[in-house]
Structure formats: C-alpha cells, structure tokens
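Each chain, letter by letter, is given below.
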2 protein chains.
Amino acid sequence: MKEALIKDLKKIVSEENIRDNPADLYVYGSDASVHEALPWVVVRPKTIEEVQRIMRYANAELIPVIPRGAGSSTSGHTTPIDGGIVLDMKQMNRILEIRLQDVLCRVEPGVVDDDLNRALKPYGFFWPPAPASSRIATIGGEIGANTSGLRSVKYGATRDSVLGMKVVLANGDLVNLGANTRVSTAGYQLEKLMVGSEGTLGIVVEATLKVVPLPKFRCLGIANFNKLEEAGETISEIMASGSSPSMLELMDNIGITAVNKNLSLGLPDVAAIILFEADGKVKEAVDYEMEGMKRICEKHNGFGIQMSYDAKERTRIYTGRKKLFASLSRYKEGIICTDLADDMAVPNSKVAECAEKIHEIAERNNVIMSVYGHCGSGVIHTKIMMDVRKKEQWEDARRVVEELYDYVDKIGGVTSGEHGIALSKAPSWKKARNDLLPVMRAIKKALDPNNILNPHKLQDAPDDWVTATKLRYLVRG
Amino acid sequence: MKEALIKDLKKIVSEENIRDNPADLYVYGSDASVHEALPWVVVRPKTIEEVQRIMRYANAELIPVIPRGAGSSTSGHTTPIDGGIVLDMKQMNRILEIRLQDVLCRVEPGVVDDDLNRALKPYGFFWPPAPASSRIATIGGEIGANTSGLRSVKYGATRDSVLGMKVVLANGDLVNLGANTRVSTAGYQLEKLMVGSEGTLGIVVEATLKVVPLPKFRCLGIANFNKLEEAGETISEIMASGSSPSMLELMDNIGITAVNKNLSLGLPDVAAIILFEADGKVKEAVDYEMEGMKRICEKHNGFGIQMSYDAKERTRIYTGRKKLFASLSRYKEGIICTDLADDMAVPNSKVAECAEKIHEIAERNNVIMSVYGHCGSGVIHTKIMMDVRKKEQWEDARRVVEELYDYVDKIGGVTSGEHGIALSKAPSWKKARNDLLPVMRAIKKALDPNNILNPHKLQDAPDDWVTATKLRYLVRG
C-alpha cells in the first residue's frame, strides 16, 4: 500500500519533496507535545495546485492528511495519530506582497513569524502575534492554533489580524475567504472559523494579514511581589483601570528560580514578578501608561520596581521571560518539562487564585508546575515537570490535567488561551464544552465529510490523552 | 393554521407578547430595506427558556423564525419572506452585568447601543461599535450584521469585541460559545461565526462583550478637497503612514449639498470633505496623530482645515455626517433615498476610484448616489436616490446594483462592509463569492437542517432582489 501511495504522490510532487525514510518519519512523528505516532509519508508541497491535487487524491483514497508548520505545537496538533500524509508547509514560505497602501501583506503559510517581522520593519509596520517561539513558528501554524503571544493584551490574537485567506478544502477545492479590508461582513466569516481550527477544516495556502504600525517608544517595567495573590490583584486592577499595557506578564517563584539557575540573571527570590510594558508613538503617552501601572503595582505592595525605555535594558529584563521555558527544562536533575496543562485562559480577576491552585494541585500530585503567562489577556501557561521515565508520574500527570481543567471550567475559564486543544487537552475540553460537541462535529462533517483532515483531534480526540498515542519518552515498567 | 399556531404559542409566552393584528404585522413586515413581506405572527420573548421553547416548537412544525432587533437593517435581513414567526428580541433588554475586574459586560440582545454606552460611561468604558443608528440599534442586531460603524478604523467591528454568547440553536438547544477572556482558542470559534450570520444560524440570547476604556481626549478635524481623487489618496496615505485615526470619514458633494440644504450647516460646496479624528488619554499623543493627518491632507491639496477638541465644536462638525442619511432623504422633491447598494468594502487604495465609479454608474443609470462612509476601514456607503413610484427606476436600480458590485469585486472589494447581505445584496454577493456558496450551504445545513432560521437569505436568497418580495413602495404601472 505504501509503495502505491508513494508512486501516486510522485505524480503530484517532485521526488525530493516526498520523504519516507525512517529518520524523517520519526522527526515528523512528534511535535512539542508528549505524543508520538509515525506518518506513512511526508510531503512538502510548493504550490497551491500541488496541495489541491494531494487533497483530491487523499479524499478519494481516504488517507489522513495532517498539515504542519514548525512542529512547535504543544498538544499533539500535528501528531499523525492514524498515520497518513504529513503535509510540511514550510517550503511555501514566500512573502507574496507587502501592500502598505492597503495596510496589509499577503504570505504563504510557511513564512516564519520573525522573518515576516524583519521584512515589515523597514516599512515601520509589524505583525502582532508574538509567540515565544517566533524564531521558528510559521504563520500557518499561528493560524491553526490562533496564537496570541506576549502582546495580545493590546494587539489581540492571530484571528484579530487575519483579514482573509486561501484555503484548500478536504475535497481539493480552493476557496477565497475574507476580504482585503479592515472590516467586512459578507456571508459567514469562514476566515475566522478557520483560525484556531487546528488543521481539521482545511489547508491554509495563503493568508492576507493586517499589519500594524510599529510604536516609536516602548517602556518595560518589572515589579516584585512577596505574595502571588497581590500580583494577581495588580493584574486585574491594571486591566480594570483602563490602562492599555502592550504586555502584562506574570512569573512565579519556580520560574524565577529556574531562570536564575540557568541564566544567572540575579532576579530577586520573590513569590512573583510582573512585567508590564506600554508602547506608543509619543513618549508622554507611554509615560502616562507606565506611571499608572506603576502606581497600581505599588498599591498592591509591588517593590523593586524598575522601568526602562532602553532597548538593551529591556532585553535584559525580558530575557528571563523569553527563556523561561528553556530554563524550566533544566530546573532539576531527572525532571523533564512536559507540555501538559500548558495553557488556559481565565478571567483577569481569577489569575491569582488560579496560580495558587496550580501550585496546590502540583504539590498534591508529586509534580512541579511553574505559573507564568500573558495574564493581561487572561492566558496562563504552566508545564508539568516530572520524571517522565516513571510510569506513576504519568498517572500523576493525568490527575493534574483533569483536576486543573475542571477547576478552570468552574471559575469561568477555558481550556486553551492560545495553544489549542488537539489531543492532550481534548478530554478536559470535551468535558467542559459538552454542549458544543454536536455543533462542532456537524461543522467538521459539513466541511470534511470523509474525516481526512487531521482526524481524531479536538471533538474527535480519544477520551484519554495518556493512551491516545505512544508517548515520546521512554517510560519504564 | 394560524389559529392553531397562536394557540400553541400562547402555551409558551403570555398573550400580550403575541401580536397578530394587521397593523402590527405590517410594522414587522418591513425594515429599512426596500422589501416587504408579512409575518404570520410576532412573538416577543422575555426569557431564554421562552426562546428555546419557541424554537423547539417551530423546528418540529417547520415554521420559519426571523429574529429582529430594531429593524434598522438595510437589506431585508428581517423580512419574513415566507411568513412565519418574527421574534422581536427588544424585550430581552437587560444589562446583566458590568464586570470591570474582567473588563467585560454581559447583556441581553435587545439592549440598545446608546443605552449600553450610557451605562458604561460612569465607569470610564465604552462599547466601540458606533453605527449611525446607535440610538435604536440593538446589540443583537449589531451581532447579526457585524456592525462596525464610525470608529471601526481604530476599534474594529462588532466581531472584534464579542467575547462570547449564549445561542439558542434551530433545535432549541442552548449553547455557550466563546470565553470570558480577551483571547481564547478552545475549539471552533463559533462565537465569531455567529457574528455576521444574519440570524440564519442561531438566536443570540445573551452576549459577553469586551469593553474599552473611554479616551480622555478626542480631536476632530475636517478638510475640504476640490477633487474626490485627492480625498481618496489622502485616506489611503493616512492609513499607510501608520497614523491611528479613531475616525476617518468621507463625504462627497451630493452629501454636502444635501446636508447644507437640510441643516444649513454652511459646509463649503466642494468635491469632498474628510473628517479625521484621533483619541487618547494624553493630549500630546492626540496632537501628534492630528498633526500627522493634517500634513497628509495638505499634501493632497486639502484646504480649510479645522481641528477641535471642544465637544460642542466637534458635534457641530460631526452633525453633517451623522445626519447625512436623513438629509439625503430630502435631497430632491419626488426622489426617495432607498437602502440599495448601500454598503461595500474596498481596499483603502481604491476608495477614490470607487467613489468616482459610483457617480459614473449613477449618472449613466438615471439615479442619484451620494458617496460617504468609514473609508479608513475601506467601508463605502451610498444610497440609490430615485423616484420609487416609477417602475423603470427599479430597472435602473437593478442595473446599478449589478454594475457596482461587479466592479467592487473586480477591484478586490467585498459586497458588504458592515450592513450584511440578506436579500438585496445577495445576487451580487452570490455571483462574486460563487466558490464559497457550497461551504456556506453545508454550514447552514449542519446547524439548521430544517432551514427554519431566517430562511431564504444570504446563500439561499432569490436570484433577483427586485422580485424577491413585494417592494415597500407604491410602484405605478
């Protein structure tokens, strides 16, 4: 069967863009998640027409197709749970047009976030989503997950900056969604439905993106707190006060300790740090925002407050946050940082309570969890740090994920802020949004009746993430 | 049949909330569009449960249900083309919660835009969509049409500020969509799909809205142009320069003449006027934006430029735009201003060309058309002003609509910027977005298999809008 598949694919794309040697299949068999499953073949299309022909073929032959960007997704979005074709979109990486007279650009899905921003910078514009992985993350991947990133509190999520797109549907049809304008309301706004659909409804082959003027001034502040609760109250009050931060980040003591150990940044050993940033074209306006946020930090006993416009100094302050994930990986000998329970969104007023709860759940279940995230947007990130070699730790992790997301649902939050659901968040999400599953399934069926696009994800994911696929770690016993 | 229907409905809602006398049916048989068709009955639900029970009943009996807010829609959104039940949502008009610690509010769909903003004002926040009809427009209607309004250039469309909603589906099921957070990505983002779906996919019974801090300073400028083309270039360059106007409006000579005749504002008799506004918390920042926009106006030969922070003066400048529609209605004896070809969105760089084209098409087809709109967002509004009593004028209007929207499609625009498609824009939209119709129909079928929710609109609308319904004017011959 596989030989026939390869032979058929060779009629569509050139031989060097078809990979089926074991090493390649292994690489494409996992992403940043805990999951692993090998595809039958990896195809790297270069044109829209190739994608259309692949989809027509796969739809006729009922072969699963999993689109993939950088593979930095955290929950198994790109894991080929049933095998099939992984569609590596990274070769479709042209910036097709920067059209400032209409304040937009058009790109192929494989363009890397940082590359796009480098190209936009000389024009004085940028593309706002700023995931910590911007060095590798592709626009297609950001669309798939509705990435929001560090500046979402001011600039919104990917969805808010996507004006339109070309999508190849499951049956190979090419459709043009959206508009070339900042607003439009011309039929169901499918371009917004596609954003965040995790590759289950269509293959994005081109995107029209709204670009945003680069601010002339950026000022970054840092404040220390001896109580996590006070940091949380600060975040909620900053947002309720009408402040407009361009970044509002939280780091807990575990994150601080990890960063200090790894980077020798000399951050104070406190319960929590808040990073707050404002940006703008006029310094007086940035000052105004920064002073307002500083006052609120002080009101809630924030101390050691520093603020700086200087790019180098900002980088220094910011490095701890940007390198947090890498630092957590080296937090403790024998402990691995897994992308589990990695993402949620809660109302601003619940950030502190949720952070405390995460610590409590972690402690009770023999794992370590650091709390951080884009808390101005309500996004909380964590990781489960544990000895992945021990089978019982996976039982611990299962309990943690379940308890945490049950709690998040109870306080009016949602299972994912910006990483998506895929496999490892699916059981919790399905439980929380039970009312929506029939609607989601009806829409999936309407657009992909043969269920070939990234199957068994989201509403169709297995009910137990631990056994949904092989785990990509060597687990003993 | 009708008697049985009323009898059944009385089991669900109290008698005073069921209307079937001819006068009421007549009122609910038209909106701001040219269309007219009488419903069988008008029901005014007061609770979510009543809506659910009505939908369950209607779905079982295959009775069309048309949700309606203020009835200010322009294209026949609320016209009960097949009769059925008009669901007047205006009695569900409670502001349920203003929860600033999470920067949101929860409202029922019948809340009027201006009422919500009056309630938010003491807290220093507002709800950004600002249709010219804000005095009567309901939140539910704004969601149905994805209204964007005068400040969309800075604050986006309704869709951008809707965080979540409760929706009663065609089968009566109640679902909770979205989140209580600024960003989220937890399954298909159906709350965004619902916005702009014109009542064809579900009945919005509650909405969670992001609120935005009120600016401390607003400065409004006005510039005159002797050439429409230069006004258009100004708009495109303002946007491409990275300026952040909070309003960027165009009015052509026909609009100016109408306003002058009606309001004696003494506006100069020029080819075009641009209104430009900036807002912010700090005066220096607003000054910076205003000076930047002023320079661009001057570069393109704008003259007679005035700018003012003063609220009274701003109201004076702004009155012409706000009262434009009303003024157009009195432009010429025997000429009626119809809501046809009323709305489109084009790339910023095409605004001037499109405005010229509208005048050319109008002249060639014996009608009068004024061009105005939220041009910073690419939204262009017009009206067809004609003698509605003459049958041949409707043939003229048919040609105008067709020619204009063919042109809009050709230059990369879309059929509607913020008013929606419904009936009178549907033939043009269907022609332009032919590739999308199968997808739209599949989604409609997935959510409303019995086709009872506002049937025969959008993708299912008749192919000729002139004969789609009775016209609400007395046409001779």
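Reading guide: rules and limits
- Residues numbered from 1 in each chain as written.
- Chains lettered and ligands numbered in written order.
- Predicted model: local features only at pLDDT ≥ 70, side-chain atom pairs only at ≥ 80, totals over all residues.
- Heavy atoms only, no water.
- Contact = heavy atoms within 4.5 Å.
- Buried area = accessible area lost by both parts, 1.4 Å probe.
- Salt bridge = Lys/Arg side-chain N within 4 Å of Asp/Glu carboxyl O.
- Polar contact = N/O pair within 3.5 Å; in protein donor to acceptor, adjacent residues only side chain to side chain.
- Helix = DSSP H or I, 4+ residues; strand = E, 2+ residues; numbered from the N terminus.
- Nonpolar A, V, L, I, M, F, W, Y, C, P; charged D, E, K, R; others polar.
- Buried < 20%, exposed > 50% of the residue type's maximum accessible area, 1.4 Å probe, protein only.
- pLDDT = per-residue confidence, 0-100.
- Phe/Tyr/Trp six-rings, centres within 6.5 Å; stacked < 30°, edge-to-face > 60°.
- Lys NZ or Arg CZ within 6 Å of the ring centre and 35° of its normal.

### Side note on the interface of chain B and chain A
In this complex, chain B contributes 85 residues to the contact, which on the side of chain A involves 85 residues. Carbon and sulfur atoms supply 59% of the area that chain B and chain A bury against each other, a total of about 6400 Å² over both sides. At the boundary of chain B and chain A, one finds two salt bridges. Here Lys 281 of chain A and Glu 289 of chain B are joined by a salt bridge, their closest N and O atoms 2.5 Å apart. If you look at where chain B meets chain A, you find 42 residue pairs in polar contact (both at pLDDT 80 or more). When residues of the side of chain B that touches chain A are assigned to their parent elements, the largest contribution, seven residues, is made by helix H17 (residues 437–447) of chain B. Of the residues contributing to the side of chain B that touches chain A, the split by class is 39 nonpolar, 31 polar and 15 charged.

### A short note on the pattern of salt bridges
Oppositely charged side chains may form a pair once their charged atoms are brought near each other. According to the stated counting rule, one finds 68 salt bridges over all chains in the structure shown. Residues Arg 106 of chain A and Glu 206 of chain A are paired through a salt bridge, measuring 2.7 Å at the closest nitrogen-oxygen approach. With Arg 106 of chain A in strand E7 (residues 104–107) and Glu 206 of chain A in strand E11 (residues 203–210), this pair connects stretches of sequence that are 100 residues apart. Measuring nitrogen to oxygen at the nearest pair gives 3.1 Å for the salt bridge that ties Arg 316 of chain B to Glu 313 of chain B. Here Arg 316 of chain B pairs with Glu 313 of chain B, and both are found in helix H12 (residues 311–322), just three residues apart, close to one helical turn. On the basis of relative accessible area, Arg 316 of chain B is assigned to the partly exposed category, the value being 38%. One salt-bridge network, in which partners are shared between bridges, spans Glu 97, Arg 99, Asp 102, Arg 106, Lys 166 and Glu 206 of chain A.

### Description of the confidence of the model for chain A
Across chain A, the average pLDDT comes to 95, with 100% of residues at 70 or higher. Scoring of the predicted complex yields 0.96 for pTM and 0.96 for ipTM.

### Details of unusual backbone geometry
Even without glycine at this site, His 456 of chain A takes up a positive phi of about 60 degrees. Counting through the fold element by element, His 456 of chain A comes out in the loop between helix H17 (437–447) and helix H18 (465–468). Of note, the phi angle at Ala 341 of chain B is positive, near 55 degrees, even though the residue is not glycine. Note that Ala 341 of chain B resides in the loop between strand E17 (336–338) and strand E18 (343–345). By relative accessible area, which is 3% here, Ala 341 of chain B ends up buried.

### What about the packing of aromatic side chains?
Here the structure, examined in full by the defined rule, presents eight aromatic pairs over all chains. Here Trp 394 of chain B and Tyr 473 of chain B contribute two aromatic rings whose centre-to-centre distance is 5.7 Å and whose plane-to-plane angle is 40 degrees, an arrangement assigned as tilted. Taken together, the residues Trp 394 of chain B in helix H15 (residues 391–410) and Tyr 473 of chain B in the segment after strand E22 (470–471) connect sequence positions 79 residues apart. Summarising the burial analysis for this pair, Trp 394 of chain B and Tyr 473 of chain B share the class buried. Over the face of the ring belonging to Phe 126 of chain A we find Arg 218 of chain A, whose NZ or CZ atom lies 5.9 Å from the ring centre. Note that Lys 261 of chain A overlies the ring of Tyr 331 of chain A, its terminal NZ or CZ placed 5.2 Å from the centroid.

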